[in-house]
Each structure stands twice: as C-alpha cells, then as structure tokens.
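Each chain, written out:
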Amino acid sequence: PTDINAISQRGIVLALLKRFHEAELEFSSGLYLNNRIPELWANKALTQHYMGLNKEALSSINRALDLAPNDKHLCYDKAAILFSLSEFEQAKQWFDRILLIDPDNSASISGKASALSKLGHKQEAYELLFKAIEKDSNNQNAWYNLGVMYEEDKMYQQALLYFNRATELDLTDYRSF
C-alpha cells in the first residue's frame, strides 16, 4: 500500500507485537514514499532503540529532529537514546532542552536526574527525583530511580520502599532508563 497513514499504523502495531524487524521495515517503506514526516522517523528510531540498535536509532531521531526541532517528544526520545548509549552529559542537555519548553515535565525531570546520578551528581539527582514525584506522584520511573539510588547507597530499607511504590503504579506514560 502507498497510504502512509496505513503503513505507519501497521508499523506501530507490529512494534506493539514486538515484531520490531518487521516494524522497522514498515517505517522504512513509509519513509521511502515520503521522508519528510518526523513521526515516521521517530517511530523508526524507537523501533531501532527497542532492537538495541541505538546508533541507528540516534541517526533516525536526528532526522526527525531536523524536521521538527522543537518537538519535546522527539527531544525526549533523543535523550533516552543517548542515555542508552551511556552519553549521560548529552542526555542531560536534551532533558534540559525539554525543561526549557516544559519546566513541569515530570518524565524529563526524572530523566535528567538519572543522567545526573550517572554523572556522579547524586544529591542533585535525589532532589530532582523528589521534584519529579511532587509534579506527578504516578511517575513510576522516578520512584524506581529513587530505589536504584538508595540501593547503590546501601540504604536497602529506603530502596525497598521506593521499589514497592514503583511496582504499585501502572507504567503507561513513562519509559524506563
């Protein structure tokens, strides 16, 4: 089919079915028809990311951002991919970019905290995770990351409390790092 919407939706469904290779091919065929649609590039990038092809995903998300440079969702996806590549300073910079656009974005506050923790800025990371939870108490990623940090600091009772809270929440809006 040459209907880009149908191709895109089929790719999304294939990705939801965890048929990532087929999904990537679907997005690629849509991009062959029209490579000026940032959502197709983003979907291809996320599919590549889930396949562990993070360098390829970074290239695809960069193409999406070339077309829509101020889209906060694309910025978030780039930050997540950079984080997966252990490019924590760059990931932090992309989370900062989102927070300039949307300072109350709990997921980005949590992501920035994770990057700061990996960069050794633990106190600031703790503060940001509590801020993320203050903005959105259902931010499972923030609760989980607090558990990770407390576990790393050998504060196991605190870690258990935060891991318990994270498992009580339904993960719907947040991507884990």
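Everything numeric in this text was worked out from a predicted model, so none of it was measured.

## Details of the pattern of salt bridges
Where charged atoms of side chains with opposite charge meet at close range, the side chains can pair. Tallied over the entire structure, the rule returns 9 salt bridges. In this structure, Lys92 engages Asp96 in a salt bridge whose closest nitrogen and oxygen atoms are separated by 2.9 Å. Of this pair, Lys92 and Asp96 are both found in helix H6 (residues 88-101), 4 residues apart, which corresponds to roughly one turn of the helix. Take Asp96: its relative accessible area is 21%, and that puts it in the partly exposed class. Of the charged contacts in the structure, one is a salt bridge between Asp104 and Lys135, with a shortest N-O distance of 2.8 Å. You can see Asp104 sitting in the loop between H6 and helix H7 (106-118) and its partner Lys135 sitting in helix H8 (residues 122-135), a full 31 residues away along the chain. Among the residues examined, Asp104 registers a relative accessible area of 48% and is labelled partly exposed.

## Observations concerning the nonpolar core
One finds Ile61, Ala64, Leu74, Ile81, Trp94 and Phe95 to be the most contacted residues of the largest nonpolar core, which totals 31 residues. At the level of elements, helix H1 (4-16), helix H2 (20-33), helix H3 (38-50), helix H4 (54-67), helix H5 (72-84), H6 and H7 are the ones that each hand at least two residues to this core. The greatest single-element share of this core, amounting to 7 residues, is contributed by H5. The residues contacting Ile81, other than those within four sequence positions of it, are Ala45, His49, Asn54, Ala57, Leu58 and Ile61. Of all hydrophobic cores here, the second largest spans 19 residues; its members include Ile109, Leu116, Tyr126 and Leu169.

So, how was this worked out
- Residues numbered from 1 in each chain as written.
- Predicted model: local features only at pLDDT ≥ 70, side-chain atom pairs only at ≥ 80, totals over all residues.
- Heavy atoms only, no water.
- Salt bridge = Lys/Arg side-chain N within 4 Å of Asp/Glu carboxyl O.
- Helix = DSSP H or I, 4+ residues; strand = E, 2+ residues; numbered from the N terminus.
- Buried < 20%, exposed > 50% of the residue type's maximum accessible area, 1.4 Å probe, protein only.
- Core = buried A, V, L, I, M, F, W, Y, C linked by side-chain atoms within 4.5 Å.
- Contact = heavy atoms within 4.5 Å.

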